[in-house]
Number of protein chains: 2
Amino acid sequence: MGVRDVSKRILVGQKLRSTQLGETLLPKRIALPVFASDALSSVAYAPDEVFIMLGVAGVAAYSWSWKIALLVALVMLTVVASYRQTVHAYPSGGGDYEVATVNLGRTAGMTVASALLVDYVLTVAVSISSGADYAAAALPALRGHEVLVASVAVTVLAALNLRGVRESGTFFAFPTYFFMAAILGMCAWGLFRLLTGSLPMAESADLQVVPQPGWEQPLTTLGLVFLLSRAFSSGCAALTGVEAISNGVPAFRKPKSRNAATTLLLLGGIAVTMIVSVVVLAYQMGVRYVDPDDIERLRTATGAALPADYHQRVVIAQIAHAVFDHFTPGFYFVVVMTGIVLVLAANTAFNGFPVLGSILAQDGLAPRQLGARGDRLAYSNGIVFLAVMAIVLIVAFDAQTTRLIQLYIVGVFVSFNLSQLGMIRHWTRLLGTETDPAARRSMMRSRAINTFGLGMTAVVLVIVLITKFLAGAWITILAMTCFFAIMQGISRHYAKVASELSVAEEDQVLPTRVHAIVLVSKVHKPTMRALAYSKAARPNVLEAVMVDSDPALTARVLEEWDDRGIDVPLKVLYSPYREIIKPIVDYTRSVRDANPRGVVAVYIPEYVVGRWWEQLLHNQTALRLKGRLLFMPGVMVISVPYQLQSSTLAKERVDRELAKPRPGDLRRGVISKPPDGPQ
Amino acid sequence: MGVRDVSKRILVGQKLRSTQLGETLLPKRIALPVFASDALSSVAYAPDEVFIMLGVAGVAAYSWSWKIALLVALVMLTVVASYRQTVHAYPSGGGDYEVATVNLGRTAGMTVASALLVDYVLTVAVSISSGADYAAAALPALRGHEVLVASVAVTVLAALNLRGVRESGTFFAFPTYFFMAAILGMCAWGLFRLLTGSLPMAESADLQVVPQPGWEQPLTTLGLVFLLSRAFSSGCAALTGVEAISNGVPAFRKPKSRNAATTLLLLGGIAVTMIVSVVVLAYQMGVRYVDPDDIERLRTATGAALPADYHQRVVIAQIAHAVFDHFTPGFYFVVVMTGIVLVLAANTAFNGFPVLGSILAQDGLAPRQLGARGDRLAYSNGIVFLAVMAIVLIVAFDAQTTRLIQLYIVGVFVSFNLSQLGMIRHWTRLLGTETDPAARRSMMRSRAINTFGLGMTAVVLVIVLITKFLAGAWITILAMTCFFAIMQGISRHYAKVASELSVAEEDQVLPTRVHAIVLVSKVHKPTMRALAYSKAARPNVLEAVMVDSDPALTARVLEEWDDRGIDVPLKVLYSPYREIIKPIVDYTRSVRDANPRGVVAVYIPEYVVGRWWEQLLHNQTALRLKGRLLFMPGVMVISVPYQLQSSTLAKERVDRELAKPRPGDLRRGVISKPPDGPQ
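On a predicted model such as this, the values are computed, not experimentally measured, just so you know. (Residues numbered from 1 in each chain as written. Chains lettered and ligands numbered in written order. Predicted model: local features only at pLDDT ≥ 70, side-chain atom pairs only at ≥ 80, totals over all residues. Heavy atoms only, no water.)

1. What to know about the domain arrangement of chain A
(1) Moving on: Taken as a whole, chain A is organised into domain 1 (23-496) and domain 2 (512-666).
(2) Moving on: Computed from C-alpha coordinates alone, the two centres of domain 1 of chain A and domain 2 of chain A are separated by 56 Å. (Domains from an automatic or database assignment.)

Shown next, in the form of structure tokens:
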């Protein structure tokens, strides 16, 4: 930035600031629930997936469950350790997308962005589908209507976000803490009963699970490896949402990065504790859980089919039901809180999506109006898009969490991988210039962590791709490809426009003269104001022009023009068929053609009304005329507004609209306050 | 119009005219089919209604049918004679509405307008429903699907008119003349066979019609009067559409009024001949026709019920079938031509509706954008409205012409009456000043005709109201009341705005100074152009302003500003949360507040792109900012457009749109030609 003439650059706005936007950054105790609901909520469905996948080979395979849980925990802790590096290195909230773009280039960044966009849709679909399972577990009346329940829930969430409901810390804090208390309390009580030998068996403990054809015991080694791989990759659903904190660093209190890293560690610890405890308890209690599509593989102890109305409750509900066998409120508390946290996790997507959109917009990969605090209309389109896609998935997959999970994990691990790879590059690049031994050591350690993370997540990604591709991951990859292509198209378009707009020398040539035309339809206040303003601008030529669309009206205007002694010449344009726009456009062009180096200033008097039906009754011609004149080079179009009394209504509406919260504000550290008083 | 300074008023546009709009007025031989299709098409259903109403008392009452036809013919000729006066006195095409407004005041005019609006909807519903009957008569496969056929037909008509299909004389001429030839040929051949004693009986001649309960013969005198009144008022459906010519005088060749009057007489003659011939033939051939809802009243000669799949063909189809018993193509020609003319009649409504709308708009009773050649969007709304209302009626009344007719006639006769009353006032007023005895005689004669017409139509209106009110006319009256109330509301609103806008003395005060602000987002061609234009306008203060939504971008712009040595000071507005609009609005207000008597000129550089998706990617902020600034007094908003290469696409689209034909053009004597070449 040049400093030669800094004097002319006044930073205006300090005085505006307090009137306009407040700033409320999040302490760790609030940030944890805000950013953790997505990651923690996956404990609601990840254990179920492990048991489903293992159960393919019958109950005997369940003995692997806790080992798989430990492996998932290990991956989780590795990923958490990796992201702790990220929040320190990239505190701006760009997260995986920024890491990949900066270190690996635009293509990698766009790949991550595509994966994240797909993930937002799936977060909504999976969380809400799982939430519908919990609702069905608590309220038998809902059983069999999960698709409807889930679709309605998505619609309600979308509606709330469209209305501009402000996210708040407390909104997340209470339910998320209650959820943690519920799950951890249940596990603690269950483990205590296990130690004291009083742990009851689950309601499904007496059932048999018939292996799928071809998966009968004993398995071949290859079969076992594939079985465990599938169970492990499904269990990795527990990792979804871990990256949320890396997108939310700007919302933390200072020191932002350190607080974010601490919160991340806390999140990892809680998540790992939950998932391992739940799996161990479920195993100890003999929970049986099969794919809801395959419910007939569940048999009674005698091998008979179950009654047709048998409802298989989700794993946590089965545990809660058994553990709190003498305390029903405990069961309801666990189930209800889990359901609520799943809804919060879905809401996270509605808030994260616009944040990502605005980052992409700033990089020219998404429509500009998504950028910065963005255009409410653009946001609304995004929210509607998200909701519609989620509902399509819910309906297409019958609200079955198990089937949706197959689509979910691949996107998550694509971004994990690229992000880790980016971080390794980052540290390597820094190491190239860093000389301080202490700093170098720290960087080396960070790079080692990320390298380990990459190795781990790469293995998982390969396992996921192999085990899930045909089961649904191909849909995710297809959707990612579409998003990628759209982003590339938008990016190319902006680049083309930018090159067309770049300044050449001849652009500084001044027009020689200004020919001003004031459009007249009647002699009324807006016309008089436009005349006054146009005179004040002292153009080289000033004339008023009216279209003779109605001879009687024209005569009246001419007469009034004389009577009032208006000293601007009034030209009448002939219009044989009462057209308004074409005569004006033609006349403007003829003026412009006569003075190719001059500029034509067209003054349009407008009056501003307030109510929507009033807007229908006015100003349509002015609007269309402006739209047409914008295509003519050498013309500037000047709107001279005249505010009718009712216009205050519309102004207030517009101001309210501008001041409304935007989804994602909380995550960006923006909390806008209502405007204080009239402007 | 003052002549003091006529020199400054140049009528521009003569040279434009030839390039823009051609003028093709209609000779009588083309005008007749254009304006007559509506009126003549009613011969397709009016005779049926007469037989249905008489048949309530059994076949015996059919002997009244030809007398009722003669009475209808008498009313028709009277109405035609009356309208011949109108086209001479009011050649501007305002028709009944103008006559009523000028002579009886605004309330009467609005009543007529309401009646006409309702009539347009009913013209579509009745004509298309009747057309569906003819389609079913010719194609047995369509029987029982009349509602669907009619709804699809309305939708197709609406779509054609939305696309901007130009009405043309030939479009009407061939089918209408074929229709006349078909009906008149059929009647002539039938009457010839009647005279030669070889007239065959109709297919339904052997059937019995069971009288409705309470209507058995012999009837009381009161019963007979009521029976005949109902039959007569239903037969008066033949009069619908007669007034069309009085709305189309401007489309005739000169001498317009005389040609219109001659055409009207011709129309009357043909219509009367048709209706009387059809009724006489039907009576002689023993046609039996009952309300399709009451089909079980039709019995075989032995009194047995008819087979369930019996299809009662419309009267003209029965006649054609019998008369052309050895020449099947004759039958199909009659039925197909009648069906086509019914569709043309419906199309008439789609073209007449916007014409009425533009007249109402000029009088401030309808949204202004309907006025003159009007706004395509407004037209589209009108067409969609018309189509939706017609479909609602078709579905609600099961596409049964008989039931829709009950709604139809009341509106027609309300406008006949008010128009006649207006004409009497008109002549009386002229007689008050006219002294030339010949002219006075002529006026007296005209007044006598209109008085006779009023007497006749008033009686019919009373009969219609009494016999049809409960059968459906109340719906019409309710709808008319709604339209009336809306027009009154619009009229009041415009009056209120006009009084708020009327010029006071202080409106001529000039602003003391112009403070120009050029908004800068980047240093690119649009910005440079806006700077150049703003400098050319030589404001008292000129400054560039940018919002600091992205510090890196701001620094880049500031640097480029220096490098290029741009000599306009650049102010940076602080925006803590990257909002764009609010800082600019606030800054503009602060400038304005510092100079309450000055004016703030805000220059917005815009670039104009061409494709719809490009528009999604650009300029949304400029648009919203303009929308917001219009609410601020003392501010003018200046759009400085920069046309990107792709903008030519959009310009061509807009020009095509402007040049497209509007529905109703033909009726107003406007035939626009496509624009000749690029601008």
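Structure shown, so let's carry the discussion forward.
2. Focus on the packing of helix H3 (residues 46-55) of chain B against helix H11 (residues 256-284) of chain B
Packed helices, taken two at a time, are described by their axes: the angle between them and the distance between them.
Residues and elements named next belong to chain B.
(1) Moving on: Axis separation between H3 and H11 bottoms out at 9 Å; the angle between their running directions is 45°. As summarised for this structure, H3 and H11 are arranged oblique, according to the angle between their axes. Crossing of H3 against H11: the hand is right-handed. Seen from H3, the contacting residues are Ala 46, Pro 47 and Phe 51; seen from H11, they are Ile 275, Val 278, Val 279, Ala 282 and Tyr 283. (Axes fitted to C-alpha atoms, helices over the stretch in contact; angles between N-to-C directions. Helix = DSSP H or I, 4+ residues; strand = E, 2+ residues; numbered from the N terminus. Parallel < 35°, antiparallel > 145°, perpendicular 65-115°, else oblique. Left-handed = near helix turned anticlockwise from the far one by under 90°. Contact = heavy atoms within 4.5 Å.)

3. Focus on the pattern of salt bridges
Opposite charge on two side chains permits them to pair, given that their charged atoms come into close proximity.
(1) Moving on: For the structure shown, the criterion picks out 20 salt bridges over all chains.
(2) Moving on: Notably, a salt bridge pairs Glu 203 of chain B with Arg 313 of chain B, separated by 3.1 Å at the nearest N-O pair. Here the residue Glu 203 of chain B occupies a position in the loop between helix H8 (169-195) and strand E3 (208-209), and Arg 313 of chain B occupies one in the loop between strand E4 (298-299) and helix H12 (315-323), the gap between them amounting to 110 residues.
(3) Moving on: For Asp 586 of chain B, the salt bridge goes to Arg 589 of chain B, with nearest N and O atoms at 2.7 Å. With Asp 586 of chain B and Arg 589 of chain B both in helix H19 (residues 581-594) and 3 residues apart, the pair spans about one turn of that helix. Here Asp 586 of chain B and Arg 589 of chain B have matching classes, each one buried.
(4) Moving on: What you see here is one network of salt bridges that share partners, running through Lys 582, Asp 586 and Arg 589 of chain A. (Salt bridge = Lys/Arg side-chain N within 4 Å of Asp/Glu carboxyl O. Buried < 20%, exposed > 50% of the residue type's maximum accessible area, 1.4 Å probe, protein only.)

4. Observations concerning the pairing of strand E8 (residues 599-608) of chain A
Residues and elements named next belong to chain A.
(1) Moving on: Where burial is concerned, most of E8 is hidden: 10 out of the 10 residues are buried.
(2) Moving on: Judged by which residues are buried, E8 turns out to be covered on both faces: Val 599, Ala 601, Tyr 603, Pro 605 and Tyr 607 on one side and Val 600, Val 602, Ile 604, Glu 606 and Val 608 on the other are all buried.
(3) Moving on: Note: strand E5 (residues 514-519) against E8, 5 bridges, orientation parallel. Looking at the pairing, Val 518 lines up with Tyr 603 of E8.
(4) Moving on: Bridge count for E8 against strand E9 (residues 635-643) is 9 bridges, and the pairing is parallel. By the bridge assignment for E9, Ala 601 is matched with Met 636. (Pairing = 2+ DSSP bridges.)

5. Things to note about the nonpolar core
(1) Moving on: Of all hydrophobic cores here, the largest spans 162 residues; its most connected members are Leu 40, Leu 54, Leu 239, Ile 319, Phe 350, Leu 360 and Phe 413 of chain A.
(2) Moving on: Residue contributions to this core peak at 19 residues, all from helix H6 (residues 106-138) of chain A.
(3) Moving on: Residues in contact with Ile 319 of chain A, not counting those within four places in the same chain, are Met 186, Val 278, Leu 281, Ala 282, Met 285 and Val 287 of chain A.
(4) Moving on: Grouped together as the second largest cluster of nonpolar side chains are 160 residues, Ala 132, Ala 150, Met 285 and Ala 320 of chain B included. (Core = buried A, V, L, I, M, F, W, Y, C linked by side-chain atoms within 4.5 Å.)

6. Some remarks on the side chain of Thr 263 of chain A
(1) Moving on: By secondary structure assignment, the location of Thr 263 of chain A is in helix H11 (residues 256-284).
(2) Moving on: Take Thr 263 of chain A: its relative accessible area is 1%, and that puts it in the buried class.

7. A closer look at a nonpolar patch on the surface
(1) Moving on: Taken together, the side chains of Leu 465, Phe 469, Leu 470, Trp 474, Ile 477 and Leu 478 of chain A present a nonpolar region at the surface, about 580 Å² in accessible area.
(2) Moving on: Turning to its location among the elements, Leu 478 of chain A is positioned in helix H16 (residues 437-501). (Patch = residues over 30% accessible without salt bridge, like charges linked within 9 Å, V, L, I, M, F, W, Y side chains within 5 Å. Areas by Shrake-Rupley, 256 points an atom, 1.4 Å probe, with all protein chains shown as cover.)

8. A word on helix H13 (residues 328-362) of chain A
All names here are of chain A.
(1) Moving on: For H13, built from 35 residues, the straight-helix expectation of 51 Å at 1.5 Å per residue is met to within 8% by its first-to-last C-alpha distance of 52 Å.
(2) Moving on: For H13, the buried fraction is high: 27 of the 35 residues fall into the buried class.
(3) Moving on: The first or second residue beyond H13 is Gly 364, which carries a positive phi of 75°. (Expected span 1.5 Å × (residues − 1).)

9. Digging into the packing of aromatic side chains
(1) Moving on: One pass over the full model with this rule turns up 26 aromatic pairs over all chains.
(2) Moving on: With a centroid separation of 6.1 Å and 90° between ring planes, the pair formed by Tyr 120 of chain B and Phe 353 of chain B is classed as edge-to-face. One end of the pair, Tyr 120 of chain B, is in helix H6 (residues 106-138); the other, Phe 353 of chain B, is in helix H13 (residues 328-362), and 233 residues separate them in sequence.
(3) Moving on: Here Phe 353 of chain B falls in the buried class, since its relative accessible area comes to 13%.
(4) Moving on: Ring-pair connections join several aromatic residues into one group, and the members of that group are Tyr 120, Phe 353, Phe 385 and Phe 483 of chain A.
(5) Moving on: Sitting over the face of the ring of Trp 64 of chain A, Lys 67 of chain A holds its NZ or CZ atom 4.7 Å from the ring centroid. (Phe/Tyr/Trp six-rings, centres within 6.5 Å; stacked < 30°, edge-to-face > 60°. Lys NZ or Arg CZ within 6 Å of the ring centre and 35° of its normal.)

10. Some thoughts on the environment of Gly 269 of chain A
(1) Moving on: Mapped onto the elements, Gly 269 of chain A comes out in helix H11.
(2) Moving on: C-alpha of Gly 269 of chain A to C-alpha of Ala 73 of chain A: the two residues are 196 residues apart in sequence and 9.2 Å apart in space.

11. Overview of unusual backbone geometry
(1) Moving on: That bond from Lys 254 of chain A to Pro 255 of chain A is cis: its omega, -5°, falls within 30 degrees of zero.
(2) Moving on: Secondary-structure assignment places Pro 255 of chain A in the loop between helix H10 (244-247) and H11.
(3) Moving on: In this model, Asp 398 of chain A sits at a positive phi of 60°, which is unusual for a non-glycine residue.
(4) Moving on: Checked against the element boundaries, Asp 398 of chain A lands in the loop between helix H14 (376-396) and helix H15 (401-433).
(5) Moving on: At Arg 538 of chain B, a residue that is not glycine, the phi angle is positive and equals roughly 40°.
(6) Moving on: As for its position among the elements, Arg 538 of chain B is in the loop between helix H17 (525-536) and strand E6 (541-548).
(7) Moving on: Using a relative accessible area of 42% as the deciding quantity, one classes Arg 538 of chain B as partly exposed.

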